[in-house]
Amino acid sequence: MSHFWTTLTQGTKNTAGSFTPGQYSVGGKKVTCPHCGNERFAAGTSQIPTAGLTFVGLEWAEQTAYTLLCSNCGRIEWYMQEPVRL
Ligand SMILES: [Zn+2]
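Notes on the structure in this doc start here.

**Concerning the overall build of the protein chain**
Of the regular secondary structure elements, the protein chain holds two helices and seven strands. Each helix and strand of the protein chain, placed in order from N terminus to C terminus, yields the pattern α-β-β-β-β-α-β-β-β. Put simply, the protein chain has 86 residues, and 10% of those count as buried. Taking contacts inside the protein chain between residues at least 6 apart in sequence as the whole, the part at least 24 apart equals 58%.

Structure below.
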């Protein structure tokens with residue numbers, strides 16, 4: 001299990017031009033950090049290893065996940081649809 005999460009973390013990259021934290025919406029709802037309540041995130045994408053998807057029974061899913069990194073506490077939120085920058 002630890003190797004799986006290490007692989008996920010290593011695959012996470014900031015996409016070009018998204019280094020400035022901003023506010024995002026997913027599914028029509030503004031994203032707020034569930035840990036600290038911050039509303040500013042740095043967006044990125046992560047390639048999910050197929051082996052990892054199979055491991056958790058999600059091998060049917062898209063292999064690109066979208067991440068929002070909280071600019072205050074560093075918590076990472078994962079989404080399977082692209083967050084909309086507000
Ligand atoms: Zn936070």
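Alright, that's what it looks like, and here's the rest.
**Focus: the nonpolar core**
Listed in full, the six residues of the largest apolar core are Y24, V31, F41, A43, L68 and C70. For this core, the secondary structure elements donating two or more residues are β4 (41–47) and β5 (64–70). For V31, the residues in contact, after removing those within four places along its chain, are Y24, S25, V26, F41, L68, E77 and P83.

**Some words on the environment of W78**
Take W78: it is sitting in strand β6 (residues 76–79). For W78, a count of 12 C-beta atoms within 10 Å puts it in the exposed group. Taking the C-alpha atoms as reference points, W78 and T45, 33 residues apart in sequence, are found 9.1 Å from one another. In this view, W78 contacts A65 and T67; residues no more than four positions away in its chain are not counted.

**Looking at the environment of S25**
Its location among the elements puts S25 in strand β2 (residues 24–26). Taking the number of C-beta atoms within 10 Å as the measure of exposure, S25 has 12 and is therefore exposed. Residues S25 and E82, 57 residues apart in the sequence, show an inter-C-alpha distance of 9.1 Å. For S25, the contacting residues outside a window of four places in its chain are K30, V31, P83, V84 and L86.

How each quantity is defined
Residues numbered from 1 in each chain as written. Predicted model: local features only at pLDDT ≥ 70, side-chain atom pairs only at ≥ 80, totals over all residues. Helix = DSSP H or I, 4+ residues; strand = E, 2+ residues; numbered from the N terminus. Buried ≥ 20, exposed ≤ 12 C-beta atoms within 10 Å, placed from the backbone. Contact = placed C-beta atoms within 7 Å. Core = buried A, V, L, I, M, F, W, Y, C linked by C-beta atoms within 7 Å.

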